[in-house]
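The lines below spell out each chain.
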Amino acid sequence: MFTGIIQAKGSISSIYNHEAGKRLSIEIVNMPSPIPQIGDSVAVSGVCLTVVDIDSNKFGFDVSSETLTRTLIDQWRVRDRVNIEKALTLSTPLGGHLVSGHVDGIGTMLFFKEAGSYRHMRFQIGNDLGKFLAQKGSVAIDGISLTVNSVADSVQGTEFDLMLVPHTLKQTTLGELSTGDSVHVEVDQIARYIHRMGSFEDGKKRLI
């Protein structure tokens, strides 16, 4: 589990294909202590991956073919920058919201505009995920816990607005996004369970 509070930014130093997927090596020069060890979970731009190799400040991760089909990792290239968060512990401040590191889908940044030192961003996702968003609710974009400012649904999909503070723009990769870029989206877990529970009535599944 994670909180969506990014602790470092990494840079992809190498990518190797193998029979079951890919091996990523990510250079993380400012990883906070304690340093993750082999077998530990790390969220890489919102995707929960396991450390399989450590070489100084470079951390190796294996990515399965299943994860490649559900995320943007297959599009990543050497020198691309990624957001890094270590798994939380019982003593970790929960500054964001509970994030699993299991990407629900892919979103698109429609546009952004500056608002002083802040940045207003608008994203679009499919209605299948849009039903889990609510004004002032939480959403994880590339692993970053953010508050939804507004939501609008249409036949083209669900659009939602975010306001990014200067610290988030500096400490994460969101400040590097361009219009049309794709991002990982993970919806709030509570919304997901409430939706599932709502499909039952008196303990019986409503079939539609």
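Quick caveat: nothing in here was measured; it's all calculated off a predicted structure.

Conventions and cut-offs
- Along every chain, residues carry numbers that run from 1 in the direction the sequence is written.
- Thresholds applied to this predicted model are a pLDDT of at least 70 for local features of residues and 80 or more for the giving and counting of side-chain atom pairs; totals over whole chains, interfaces and linings are not thresholded and use all residues.
- With hydrogens and water set aside, each side-chain value is computed from the structure's full complement of heavy atoms.
- Only DSSP runs of H or I with at least four residues qualify as helices, and only runs of E with at least two residues qualify as strands; both kinds are numbered from the N terminus onward.
- It is over C-alpha atoms that the radius of gyration is taken, and the globule rule equals 2.2 Å times the number of residues to the power 0.38.
- A simple rule labels every residue: compare its accessible area, found with a 1.4 Å probe on the protein chains alone, to the largest value its type can have, and call it buried under 20%, exposed over 50%, or partly exposed in between.
- The contact criterion used is simple: two residues touch if any of their non-hydrogen atoms lie within 4.5 Å.
- We get accessible surface area from the Shrake-Rupley algorithm with a probe of 1.4 Å; when it comes to residues, only the shown protein chains can shield them.
- Here the positive residues are Lys and Arg and the negative ones are Asp and Glu; neither His nor the chain ends is included.
- Taken as the charge location is NZ of Lys, CZ of Arg, CG of Asp or CD of Glu.

Things to note about the overall build of the chain
At step 1: Helix and strand counts for the chain stand at four helices and 15 strands.
At step 2: For 208 residues, the compact-globule estimate of 2.2 N^0.38 gives 17 Å, and the chain sits close to it at 18 Å.
At step 3: The dimensions of the chain, computed from C-alpha atoms along their principal axes, are 55 × 50 × 35 Å.
At step 4: Looking at the chain as a whole, 40% of its 208 residues qualify as buried.
At step 5: A fraction of 67% describes how many contacts in the chain between residues 6 or more apart in sequence connect residues 24 or more apart.
At step 6: Accessible surface for the chain amounts to roughly 11200 Å². Of this, 51% is attributable to carbon and sulfur atoms.
At step 7: If you average the places of the 20 positive and of the 23 negative side-chain charges in the chain, the two averages end up 3 Å apart.

As for the environment of E159
At step 1: Along the chain, the position of E159 falls in strand 12 (residues 157–164).
At step 2: According to the relative accessible area criterion, E159 is partly exposed, its value standing at 26%.
At step 3: In contact with E159, other than residues within four places in its own chain, are L110, R122, F123, Q124, S150, V151 and A152.

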